[in-house]
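# Residue-level structure breakdown
Listed below are the residues making up each chain.
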Amino acid sequence: MYFWGELLKEVEKEKQFGFDMQSVIELAYLKKVPLIIIIILATVLSATISYLIPSRFESTVILFPSSTGSVSEALLSKSYSSKELLKFGTEEEVEQFLQILKSDDIRNRILEKFDLMNHYRIDPTGAFPKTKLYQMYDDNVSIRRTEYNSIKVSVLDEDPETAALIATDISDLGDSLIFKIQRTRAIRAFKLVESEYLEVQRILASLHDSLKSLRDSGIYEYESQAEVFNQAYADALIKGNQSAANQIDKKMKVLAKYGGNYSALRNQVIYETERMGLLRGKYMEAKMDAEQDLPHKYVVSQAEIPEKKSYPIRWLIVLVSVSATF
């Protein structure tokens, strides 16, 4: 009976307890000894764990993509201004540059150049080494678009100098990769135009050689020569000058024999010359695009070697751990 009486008293006490601030404070005061012990243990344990976490330093590059308009179009075309080349990239061009920076090509170059497999202490003979390496890279490298339409490349690393070097290389590799892609296309286009341009030059040279041969035969301008010869031949006959008429007749036969060829060659030269003029403009544009080496980014904040660590924030880890324990 005594046991059940004490149990009922405890139940009544539980029923009377409320979760208002006063009750919580009273409970904490009653249990102050175990709470103090637990808080001390939590502080020591969280502080120990926070110091076991390696310090990491953050380095950042902030850049704006440049306009990707054609260099030749901006410099040679009357409808465009050279100022077009100085503009920052549009929203679409920011997205394109962001995709380039996040590409596997750049990631793999960074992994290889800085030997991040060893740097991150990943066992290459262990299970899924590449998966772990890619995950570590994604955890330490952040590439995002800012609210100002710029791109921010942030790198965390245990070595502050390595963090700065990786951030700088990522931005530089993005520029060089765009240059490589565009240059490959520009060179192919230039070779096509150059081939056509040189072919027209060859055709014109051949046509001029043929015309020169006809001029050596005495044919300079078919229509006007034919008119002059006909008039001179008629005058010679009227005057009874047979010798002059025979001389003119020989020239007229040569003119009749090669005159058609001369007219055809002359018309073809006119056509190819006009074609040459159009191709020359295209050739100059393609050549300029293939040879241009303008940067594709404006760096507004260079990567610097950080002096203070960014992670972990040890006091915050201890505070959160102790608060959660309490």
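Residues numbered from 1 in each chain as written. Predicted model: local features only at pLDDT ≥ 70, side-chain atom pairs only at ≥ 80, totals over all residues. Heavy atoms only, no water.

## A closer look at the overall build of the protein chain
Assigned secondary structure in the protein chain consists of twelve helices and four strands. Split into buried and exposed, the 326 residues of the protein chain put 31% on the buried side. Carbon together with sulfur atoms contributes 59% to the accessible area of the protein chain, which is approximately 21900 Å² in total. (Helix = DSSP H or I, 4+ residues; strand = E, 2+ residues; numbered from the N terminus. Buried < 20%, exposed > 50% of the residue type's maximum accessible area, 1.4 Å probe, protein only. Areas by Shrake-Rupley, 256 points an atom, 1.4 Å probe, with all protein chains shown as cover.)

## What to know about a nonpolar patch on the surface
Together, M21, V24 and I25 give the surface a local cluster of nonpolar side chains, amounting to about 300 Å² of exposed area. As for its placement among the helices and strands, V24 is situated in helix α2 (residues 21–30). On the accessibility criterion, V24 (38% relative accessible area) is partly exposed. (Patch = residues over 30% accessible without salt bridge, like charges linked within 9 Å, V, L, I, M, F, W, Y side chains within 5 Å. Salt bridge = Lys/Arg side-chain N within 4 Å of Asp/Glu carboxyl O.)

## Topic: the pattern of salt bridges
For side chains bearing opposite charge, pairing can occur when the charged atoms are close. For the structure shown, the criterion picks out ten salt bridges. A salt bridge links E158 to R121; the nearest nitrogen and oxygen atoms lie 2.7 Å apart. Placement of E158 in the loop between β3 (151–157) and α9 (160–216) and of R121 in the loop between α7 (116–119) and α8 (129–140) is noted, with a sequence separation of 37 residues between them.

## A closer look at the packing of helix α6 (residues 104–113) against α8
At their nearest, the axes of α6 and α8 sit 12 Å apart, and the two run at 100° to each other. Comparing the axis directions of α6 and α8 gives the class roughly perpendicular. Counting all contacts with α6, which are made through R107, N108, I110 and L111, the residues of α8 involved are L133, Y134 and Y137. (Axes fitted to C-alpha atoms, helices over the stretch in contact; angles between N-to-C directions. Parallel < 35°, antiparallel > 145°, perpendicular 65-115°, else oblique. Contact = heavy atoms within 4.5 Å.)

## Remarks on the nonpolar core
L101, I106, I110, L116, I143, I151 and I170 are the most contacted members of the largest nonpolar core, which has 31 residues in total. Of all the elements, α9 adds the most residues to this core, at eight residues. When sequence neighbours within four positions are dropped, the list of residues in contact with I151 reads V61, I62, L63, P65, V94, F97, L98, L101, I143 and R144. (Core = buried A, V, L, I, M, F, W, Y, C linked by side-chain atoms within 4.5 Å.)

## Here we look at the sheet that holds strand β1 (residues 57–65)
The four strands lie next to each other as β2-β3-β1-β4, forming an open sheet whose pairing is antiparallel. Each end of this open sheet is capped by a strand with a single partner; those strands are β2 (141–145) and β4 (297–301). Shown here is a sheet whose adjacent strand axes are inclined to one another by a mean of 25°, direction ignored. Note: β2 against β3, five bridges, orientation antiparallel. In the sheet register, V141 faces β3, and the bridge partner there is V155. On the sheet, helix α5 (residues 91–101) packs against β1, β2, β3 and β4 and is oriented at approximately 170° with respect to β2. (Pairing = 2+ DSSP bridges.)

## Notes on the pairing of β1
For β1, a buried count of seven out of nine residues is recorded, marking the element as mostly surrounded by other parts of the structure. With seven bridges connecting them, β1 and β3 associate as antiparallel partners. Considered in β3, the bridge of I62 is made with K152. Taken together, the four bridges between β1 and β4 define a ladder with antiparallel strand orientation. Residue L63 lies in a different strand from β4, and its bridge partner there is V299.

## Points about the environment of T146
Along the chain, T146 falls in the loop between β2 and β3. A sequence separation of 84 residues divides T146 from I62, and the C-alpha atoms of the two residues are 9.1 Å apart.

## A few points about the packing of aromatic side chains
Inspection of the entire model under this criterion finds two aromatic pairs. Between F190 and Y283, the aromatic rings sit 5.4 Å apart at their centres with planes inclined by 40°, giving tilted as the arrangement. Note that F190 is positioned in helix α9 and Y283 in helix α11 (residues 242–291), a separation of 93 residues in sequence. Note on accessibility: F190 and Y283 belong to one class, buried. Ring centres of Y197 and Y283 lie 4.5 Å apart, and the angle between their planes is 20°; this geometry places the pair in the stacked category. Linking Y197 in helix α9 with Y283 in helix α11, this pair joins segments that are 86 residues apart in sequence. In this pair, the class of Y197 matches that of Y283, namely buried. (Phe/Tyr/Trp six-rings, centres within 6.5 Å; stacked < 30°, edge-to-face > 60°.)

## Points about α6
For α6, the complete set of buried residues consists of I106, R107, I110 and L111. The buried side chains of α6 occupy one side of the element, clustering within an arc of 135° when seen end-on. When the buried face of α6 is taken as reference, the exposed residues oriented beyond 90 degrees from it are E112 and K113. Phi for D115, located one or two positions after α6, is positive at around 50°. (Arc of directions from axis to C-beta.)

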